[in-house]
Amino acid sequence: MVEKYRKLLQPQYLSDFCCLGSECEDTCCFGWLVSIDKDTYKRYRQCPDEAMKQEMEKKITRIRTNARDAFYAKIKLNKDGYCPFLDEKMLCSIQRKLGEEYLSITCTTYPRITNVVNGVVEKSLTMSCPEGARKALLNKELMSFDETWEDSSIRNNLARTIDTEHYKTIYQPNKYFWELRIFIISLLQKRSYPLWQRLVILGLFCRQLDQLIGEGKLKDIELLIGRYLNYIDNGDFMEELTSIPNELTIQMELMKELADERIFAGVFSKRFMECFAEFLHGIQYTADSSKEEIGERYGKANSQYYQPFMTEHEYVLENYLVNYVFKNLFPFSGEKHVFDNYVLMVVHYAMIKLFLIGMAGYHKENFNLEQVIKLISSFSRTVEHNSAYLKKVIKLLRDNKFNTMPYMAILIKN
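A brief report on the enclosed structure follows. A quick note: this is a predicted structure, and the numbers were derived from the prediction, not measured.

Within this structure, the stated rule accounts for 19 aromatic pairs. Summarising the aromatic geometry, the rings of phenylalanine 30 and tyrosine 82 are spaced 4.5 Å apart at their centres and angled 45 degrees between planes, so their arrangement reads as tilted. One end of the pair, phenylalanine 30, is in the loop between strand 1 (5-11) and strand 2 (34-36); the other, tyrosine 82, is in the loop between strand 4 (73-75) and helix 3 (93-98), and 52 residues separate them in sequence. Using a relative accessible area of 14% as the deciding quantity, one classes phenylalanine 30 as buried. The class of tyrosine 82 is partly exposed, set by a relative accessible area of 29%. For the pair phenylalanine 30 and phenylalanine 268, a centre-to-centre distance of 6.2 Å together with 85 degrees between the ring planes defines the contact as edge-to-face. Here phenylalanine 30, found in the loop between strand 1 and strand 2, pairs with phenylalanine 268, found in the loop between helix 10 (248-264) and helix 11 (270-282); they are 238 residues apart in sequence, far enough to count as distant. Each member of the aromatic cluster is reached from another via a ring pair, and the members are Phe183, Phe205, Tyr228, Tyr231 and Phe237. Sitting over the face of the ring of tyrosine 102, arginine 43 holds its NZ or CZ atom 6.0 Å from the ring centroid. The ring of tyrosine 285 has lysine 256 lying over it, and the distance from NZ or CZ to the ring centre is 4.3 Å.

Here's what the structure looks like:
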C-alpha cells in the first residue's frame, strides 16, 4: 500500500515561499538548458491540443547521448536565449494552456532542491531565485528547520541521497553525517564569534576531519566534535584567529582571477554583469593601476562602506552559508575530500564578499539589501549552477597549492 504522505524536513523559510511569476525581476526561463523527463516527454507526444503538440514537436528535441529518464529531452532555446514557450507576459504557455501537470519535473520543482537523508525528503531553495534568496537570507533570526509531511504524489527532482543507517556505511564517514551536520550548522550560527572566525574554525575542523578519514579513524569523529565544542566554548582559538594577517591585495587578486575565469567563459545573466561592472567601478579597477593601488582602493571600500553595512547585516551571509550546508549535504558535497568541499564553500563566500565590497564602494552610503540580493541570486545562477566551472576552480587552486588553510584564512578574513 502506497503511503499518502511522506516525511519532509525543510528550512522554515520555505513554507513562506511563492513564485512571483511575471513580477519577478529575473526569469528562470532564460540562459539555461531546460531538461524534460521521460514521462513528461511522452505526455507531450500525446498532447490533446493539436496546435500545442506541433509546437512541442518543433521546439523539444530528444537527447541521444547519455540520456536517462530524468534527462530524456530538452527544450531548444530561442536565439536570444529564452524558452520558446514563454508568452508576452513572461509566463509559461504550456502551464497556461494545459495546466501545471504538463510541466516537466525541472520546471515544476525549481528553485527547490531535493535530497533524501535516511528516507526523509529534504527540501531547500537555490539562491539563484531572487524571491527565494529574500525569503532565505533576510530573516535576522537563526535559520531553523521544520519536520513536516508532504503529499506523496508531489513530484521531486532528486539531487542526492544519503543513508547513514545502511550496512555499507558502517565503515564510511557518512555514518556520522547527522552529528557533523548539527555541529557545523551550530558553529556557523555561533554569533558570539564574527562570521569570518566561525568559517576559519570550520576549516581547521574540516582539515582534521579529513585526516581522521584518511587514517581510517572514523570512531574518533565524535571525539573530534566534542573537542571542538569545548575549544569554541572556552575561546581556545582566539590567539590563533587574531594572528591571521589581513592580506586584502592577495585576497582581491586571487578572487578576481577566479571570477575572470567564469566571466571569460561567457555569462548570460545581465544582472550579474551589472553587479560585476559596479564591482570594478567601486574599486576603480583599471588596466593602468598597479595591484597595490587596486588593493588599497579595495581595502578602502571594505573599511568605509562594506564593513559598516555588513556588521549590521552579517546574518545575511550566515544564512547563505547555513543554507549552503543544508542544501549541499555538506561536508559530503560531492568532492572526494571534505577539505575540498570546504574550499569550494569558502570560494563561494569569498567571491560573493569580493563583489559586495566593490559594489559597496560604488553605491557608498546607498548600499542596501536589495543590491546584496541581486548579487547573491545572480552569482548563484552564474556560478553555483555551473559544475564544470567549480571543478576547474578546485583544480586551479590545487595546481597552484592555494587549497591550504592559510590561503583559505586569507580569503575569509577582512
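With that out of the way, let us pick up helix 17 (residues 405-412). Burial runs high along helix 17: 6 of the 8 residues are buried. Within helix 17, burial applies to Met405, Met408, Ala409, Ile410, Leu411 and Ile412. Elements in contact with the buried residues of helix 17: helix 7 (195-214), helix 10 and helix 14 (338-363).

Before going further, it helps to spend a moment on the pairing of strand 1. Pairing of strand 1 with strand 7 (residues 145-151) involves 7 bridges; the strand directions are antiparallel. Within strand 7, the residue paired with arginine 6 across the bridge is glutamate 150. Here strand 1 pairs with strand 6 (residues 120-125) via 2 bridges, running parallel. From the neighbouring strand, leucine 8 faces strand 6, where its bridge partner is valine 121.

What counts, and where the lines are drawn
Residues numbered from 1 in each chain as written. Predicted model: local features only at pLDDT ≥ 70, side-chain atom pairs only at ≥ 80, totals over all residues. Heavy atoms only, no water. Phe/Tyr/Trp six-rings, centres within 6.5 Å; stacked < 30°, edge-to-face > 60°. Helix = DSSP H or I, 4+ residues; strand = E, 2+ residues; numbered from the N terminus. Buried < 20%, exposed > 50% of the residue type's maximum accessible area, 1.4 Å probe, protein only. Lys NZ or Arg CZ within 6 Å of the ring centre and 35° of its normal. Contact = heavy atoms within 4.5 Å. Pairing = 2+ DSSP bridges.

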